[in-house]
Amino acid sequence: MTTQNPSEPAEQTQDVYPPSSEFSTNAVARPSLYEEAAADRLKFWELRARLLNWSKPFTEVLDYSNAPFARWFADGRLNACYNAVDRHIESGHGDQVALFAEYEDGADASYTYAQVKDEVSRMANALQDLGVTTGDRVAIYLPMIPEAVFAMLACARIGAPHSVVFGGFSADALRSRIDDAGAVAVITADGQFRRGKALPLKPAVDDALDGSQGTVKNVLVVKRTGGDVAWTDGRDHWWHELREDASTEHEPVAVDAEHPLFILYTSGTTGKPKGIVHTTGGYLTQAAYTHRNVFDLKPSSDVYWCTADIGWITGHTYVVYGPMVNRTTQVIYEGTPDTPHQGRWWEVIQKYGVTTFYSSPTAIRTAMKWGEDIPAKFDLSSLRLLGTVGESINPEAWRWYRRVIGGDRCPIVDTWWQTETGAIMISPLPGVTPLKPGSAQVPLPGISADVLDDNGEAVQPDEPGFLVLTDPWPAMLRGIWGDDQRFIDTYWSRFENRYFAGDGAKKDADGDVWVTGRVDDVMNVSGHRLSTSEIESALVSHPWVAEAAVVGAADETTGQSVVAFVILRSDALGDVEAEGGEENAVQVLRAHVGQEIGPIAKPKKVLLVTELPKTRSGKIMRRLLRDVAENREVGDTQTLADSSVMDLIQRGLAGK
Ligand code: PRX
């Protein structure tokens, strides 16, 4: 292996970037972590867990007698919000800034840990006054504003599991999540600013509750955009009004380590999203440990910024819980990267002197497309560490990120993990691991992973296989809300006693892991998980649609993009013609998916076809459709019930 000059554009994948001695000398992570964890894994996790404040210390580390349902630190009791906020004030750091909130229009606000405690206590008191108690589920549907962080922590403070629903999801998507979790309250805002425009949010909550199962008794509304909102007296409450009378004193409720901290819905291979359940003690332990070591956190000097929205797991673990348990000073940003100009993110880094920046490959590729003269206009010299998550980063984007954003000096941590894993699992340790662009590299100390072939045997170097996790880990999901069987079937049935992540991967001769992408019917668009069947269900719910098949096609910027093949109903063809023909139908169907799920799920392309390729047992062969969507020669069609179907599809599309 050679060390390559990072500014050379060669598209090699085996260049290695060793840590600088300066970084290594001061690094939080030590090489000895690997040895310590290998010598006694449970002891290793026990010591990390003891860094939290426990109101009742645990005596047992792991109970895996009811595998795959793990219990970590189960006889201990603690409160997540106390660990993320109060204890920092008690240790004399109440005046340290916890949040720099940057709004899209350039306005800003900052909150010290002491101020966060006041805000969160107020909200916890308000929720309790509305009757929310420990164990109740609360849905949160908010933009990236400080109140979103307060809302999550207020729920944690009273032991009410939150279910954050991304603000870009539709009313229908929100309703199904509220109903599945039986949420008793919703915390939302009147609206949000996106690309300079005030967009309503509260109407989606009203819509969602109309026709829901009726578990929601109260809606707390943050005023963000102003303007009129419909109001249901008795149910809806302005946060700023309740806040006025709410006390800043609130006693955090200690819960069992295995008490659910939150539910977060994610797409699976079937139409119904899965409510991933995370509990308190193990999740916080791994969130804090990974955040500290992977991001080399220095609480007194770093300014950290993770660009994820709280609607995703990254926003949970690496905006709220990990950073705050570690007493981080961080930036949160409400808006999009290009509003009002394409240098907005780099401007934010300059403004706050951000030292640590965690984002996604899609964002980096988009910035590359916009051109390096844009970041060049800003002072990025405060940066000392960069990270990515959500999908593999192609080596070219990695090198651009390092050179243009990181000034050739910042290590990049490519972190592999999932909503289900709760926290980072595979990643280099900065200052310790020589970096390889494009590889997430090695399981963190305390984590065990492998790449297996179809028969469950470890693959040879560079052979493709399936990524599995071989030992339970503290932040692992504890199940799917209300569906234990689906939990077992989805993750634990493919390989005995091992967690199957749904990703394909290879290991190179050094043992570094290269994740190759999903091997199931889950797509990854801009690092967001979308299920093919969820979008297919949305399409067939439109009266014009007879059948639909959705595939993720390779996309230069977003990793994958959604391409839908749709057969229209013959009895709808008259209506389709009357309403502007096929071209219009395509727009109608795209909008319909946006309505049913949310704008992120809108197919980039809808291709109207007359047949779909199916096996004799009726299964749609997505592999062949992917060939069409990616403009490749169509692969082996032998297993098709009717092998002429692919010709028909291609001829039909060519004629359009
Ligand atoms: O396919 C992998 C991909 O994202 C999936 C998890 O998606 P989600 O639960 O939405 O969580 C995303 C943020 C943690 C994985 O199954 N993925 C995530 N990180 C990487 C990745 N693929 C390659 N490299 C990564 N660093």
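Residues numbered from 1 in each chain as written. Predicted model: local features only at pLDDT ≥ 70, side-chain atom pairs only at ≥ 80, totals over all residues. Heavy atoms only, no water.

Per an unreviewed UniProt entry, the recorded name for the chain is Acetyl-coenzyme A synthetase, and the organism is Helcobacillus massiliensis. In its Sequence similarities (unreviewed entry) section, the UniProt record describing the chain reads: "Belongs to the ATP-dependent AMP-binding enzyme family." (UniProt positions renumbered as here; feature names shortened; annotations may be inferred.)

Further remarks concern the UniProt feature "binding site: CoA" (unreviewed entry) in the chain. Mapped onto this numbering, the UniProt entry gives "binding site: CoA" (unreviewed entry) at Arg194, Arg195, Gly196, Lys197, Thr314 and Ser526. Look at the named residues: they lie 333 residues apart in sequence, and the longest C-alpha span between them is 25.7 Å, so in the fold they stay spread out. The residues touching Gly196, leaving out its near neighbours within four places in the chain, are Glu104 and Thr339. Relative to the assigned elements, Ser526 resides in the loop between strand S26 (522-525) and strand S27 (528-531). (Contact = heavy atoms within 4.5 Å. Helix = DSSP H or I, 4+ residues; strand = E, 2+ residues; numbered from the N terminus.)

Moving on to the UniProt feature "binding site: ATP" (unreviewed entry) in the chain. Under the feature "binding site: ATP" (unreviewed entry), the UniProt entry names Asp414, Thr415, Trp416, Trp417, Gln418, Thr419, Asp503, Arg518 and Arg529. The topology assignment puts Trp417 in the loop between strand S20 (412-415) and strand S21 (449-452). Among the residues examined, Trp417 registers a relative accessible area of 8% and is labelled buried. Within the secondary structure, Arg518 sits in strand S25 (residues 513-518). In this structure Arg518 comes out as partly exposed when scored by relative accessible area, which is 22%. When sequence neighbours within four positions are dropped, the list of residues in contact with Arg518 reads Gln418, Ala501, Gly502, Asp503 and Arg529. Only 3.4 Å separates the side chain of Arg518 from the backbone oxygen of Ala501, close enough to count as a polar contact. (Buried < 20%, exposed > 50% of the residue type's maximum accessible area, 1.4 Å probe, protein only. Polar contact = N/O pair within 3.5 Å; in protein donor to acceptor, adjacent residues only side chain to side chain.)

All of the buried residues in helix H3 (residues 41-49) are Arg41, Phe44, Trp45, Glu46, Arg48 and Ala49. The elements touched by buried residues of H3 are helix H2 (32-39), strand S1 (62-63), strand S2 (71-72) and helix H10 (281-294).

Taken together, 17 residues sit near the ligand, with Asp414, Thr415, Thr419, Asp503 and Arg518 positioned nearest. Between the ligand and the protein, one listed contact pairs an oxygen atom with a side-chain N or O atom of Gln418 at 2.8 Å. One of the side-chain nitrogen or oxygen atoms of Asp503 is found 2.7 Å away from an oxygen atom of the ligand. Against a free-state accessible area of 550 Å², the protein chains account for coverage of 96% of the ligand. Taken together, the elements giving at least two residues each to the shell around the ligand come down to helix H11 (313-325), S20 and S25. (Near = heavy atom within 4 Å. Areas by Shrake-Rupley, 256 points an atom, 1.4 Å probe, with all protein chains shown as cover.)

Our focus in this paragraph is the nonpolar core. In this structure, Leu153, Tyr321, Ile535 and Val566 are the most contacted members of the largest nonpolar core, which totals 159 residues. Shared between two domains, this core takes at least three residues from each, and those domains are domain 1 (21-448 + 471-493) and domain 2 (526-654). If we skip the residues at most four places from it in the chain, Leu153 touches Cys81, Ala84, Val85, Val116, Val120, Val320, Tyr321 and Met324. (Core = buried A, V, L, I, M, F, W, Y, C linked by side-chain atoms within 4.5 Å. Domains from an automatic or database assignment.)

A word on the sheet that holds S21. Strands sit in the order S21-S22-S24-S25 across an open sheet of 4 strands; the sheet is antiparallel. Each of the sheet's edge strands pairs with one partner strand only, and the pair in question is S21 and S25. Sheet twist, expressed as the mean angle between neighbouring strand axes with direction ignored, is 45 degrees. Where S21 and strand S22 (residues 465-469) come together, 4 bridges link them in antiparallel fashion. Looking at S22, one finds that Asp450 is bridged to Val468. (Pairing = 2+ DSSP bridges. Axes fitted to C-alpha atoms, helices over the stretch in contact; angles between N-to-C directions.)

To continue, consider unusual backbone geometry. Look at the link from Ala67 to Pro68: it is a cis peptide, with omega at 5 degrees. Checked against the element boundaries, Pro68 lands in the loop between S1 and S2. With a phi angle near 60 degrees, Asp408 is a residue other than glycine that sits in the positive phi range. With respect to the helices and strands, Asp408 occurs in the loop between helix H14 (395-405) and S20. Looking at Asp408, the relative accessible area reads 31%, which means it is partly exposed. Despite not being glycine, Asn497 shows a phi value in the positive range, around 60 degrees. Tracing the chain through its elements places Asn497 in the loop between helix H15 (484-492) and strand S24 (499-507).

Moving on to the domain arrangement of the chain. Taken domain by domain, the chain consists of domain 1 (21-448 + 471-493) and domain 2 (526-654). Here domain 1 and domain 2 have C-alpha centroids that lie 34 Å from each other. Across the contact, 25 residues belong to domain 1 and 20 residues belong to domain 2. Carbon and sulfur atoms supply 45% of the area buried between domain 1 and domain 2, which totals about 1,600 Å² over both sides. Together, Ser267, Trp312 and Thr362 form the three largest contributors to the area buried by domain 1 at its contact with domain 2, with a combined 27%. On inspection of domain 1 and its partner domain 2, the count reaches 1 salt bridge. Residues Glu420 and Arg529 are paired through a salt bridge, measuring 2.9 Å at the closest nitrogen-oxygen approach. For the pair domain 1 and domain 2, the number of links is 13 residue pairs in polar contact (both at pLDDT 80 or more). (Buried area = accessible area lost by both parts, 1.4 Å probe. Salt bridge = Lys/Arg side-chain N within 4 Å of Asp/Glu carboxyl O.)

Time to look at the packing of aromatic side chains. Summed over all chains, the structure comprises 37 aromatic pairs. For the ring pair Tyr318 and Tyr358, a centre distance of 5.9 Å and an interplane angle of 85 degrees mean the geometry is edge-to-face. Here Tyr358 lies in strand S18 (residues 356-359) and Tyr318 lies in helix H11, a separation of 40 residues in the sequence. Note on Tyr358: relative accessible area 1%, which makes it buried. Site record: aromatic cluster; members linked through ring pairs are Phe69, Trp473, Phe487, Tyr491, Trp492 and Tyr499. In this arrangement the basic side chain of Arg48 is found over the ring face of Phe44, its NZ or CZ atom lying 4.0 Å from the centre. (Phe/Tyr/Trp six-rings, centres within 6.5 Å; stacked < 30°, edge-to-face > 60°. Lys NZ or Arg CZ within 6 Å of the ring centre and 35° of its normal.)

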